[in-house]
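# Commentary on secondary and tertiary structure
Below, each chain spelled out in residue letters.
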Amino acid sequence: MEQEQLGFRALADVTRRDILRLLAEKDMTIAEVAENFDMTRAAVKKHLTILEEGDLISVHVSGRSRVNALNPIGLKQMFDWFSYFDAFWEGRLSTLKSEIEKDLQ
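Residues numbered from 1 in each chain as written. Predicted model: local features only at pLDDT ≥ 70, side-chain atom pairs only at ≥ 80, totals over all residues. Heavy atoms only, no water.

### Some remarks on helix H4 (residues 41-53)
To keep things clear, this is the line we draw: For the purposes of this entry, the term helix denotes a DSSP run of H or I that reaches at least four residues, the term strand denotes a run of E that reaches at least two, and both are numbered from the N terminus. In this scheme, a helix's expected span is set at 1.5 Å multiplied by one less than its residue total. For the exposure calls, accessible area comes from a 1.4 Å probe over protein chains only, and a residue counts as buried if that area is under 20% of its type's maximum, exposed if over 50%, partly exposed in between. What the arc measures is the spread of directions leading from the helix axis to the C-beta atoms. The contact criterion used throughout is that any non-hydrogen atoms of two residues lie within 4.5 Å.
Taking 1.5 Å of rise per residue, the 13 residues of H4 would be expected to cover 18 Å, and the 18 Å separating its terminal C-alpha atoms lies within 8% of that figure. Of the residues making up H4, those classed as buried are Val-44, His-47, Leu-48, Ile-50 and Leu-51. Taken end-on, H4 shows its buried residues confined to a sector of 160 degrees, consistent with a single buried face. Seen from the buried face of H4, the exposed residues on the opposite side, beyond 90 degrees, are Ala-42 and Lys-46. Check the buried side of H4 and you find it contacts helix H1 (3-11), helix H2 (14-25), helix H3 (30-34), strand S2 (57-62) and strand S3 (65-70). Following H4 by one or two positions, Asp-55 adopts a phi angle in the positive range, close to 65 degrees.

### Concerning the pairing of S2
The two faces of a sheet get side chains in turn, since along a regular strand they alternate between them. Quick note on the threshold: Paired strands, as defined in this entry, are two strands with at least two bridges between them according to DSSP.
Relative to S3, S2 runs antiparallel, the two sharing six bridges. Across the sheet, residue Ile-57 finds its bridge partner in S3, namely Leu-70. If you look at the hairpin formed by S2 and S3, you'll find two residues sitting between the two strands, and Gly-63 has a positive phi there, around 65 degrees.

Next comes the structure, spelled out in structure tokens:
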């Protein structure tokens with residue numbers, strides 16, 4: 001699956017978006033992330049795996065723990081994709097505004 005698709009797959013789930021918000025505050029182990037949700041560690045691990053596959057988080061080993069961290073480069077790639085459409089709609093809405101203002105004059 002293309003990396004961009006993996007990123008969108010990761011963002012498609014509200015729990016994974018909530019996990020990203022948590023990791024934006026600080027790096028966390030699986031157990032620390034799991035404390036914030038009413039689900040098993042195994043379920044949280046699956047969500048983290050999908051986020052890692054989407055390149056939205058990175059994981060490093062610290063002793064016996066796997067520490068999850070937000071991956072700013074992966075997030076920027078997603079942001080850039082959305083920014084293209086933001087610019088597209090900004091242009092369209094600006095044109096629409098101009099046309100409406102002409103009609104009002």
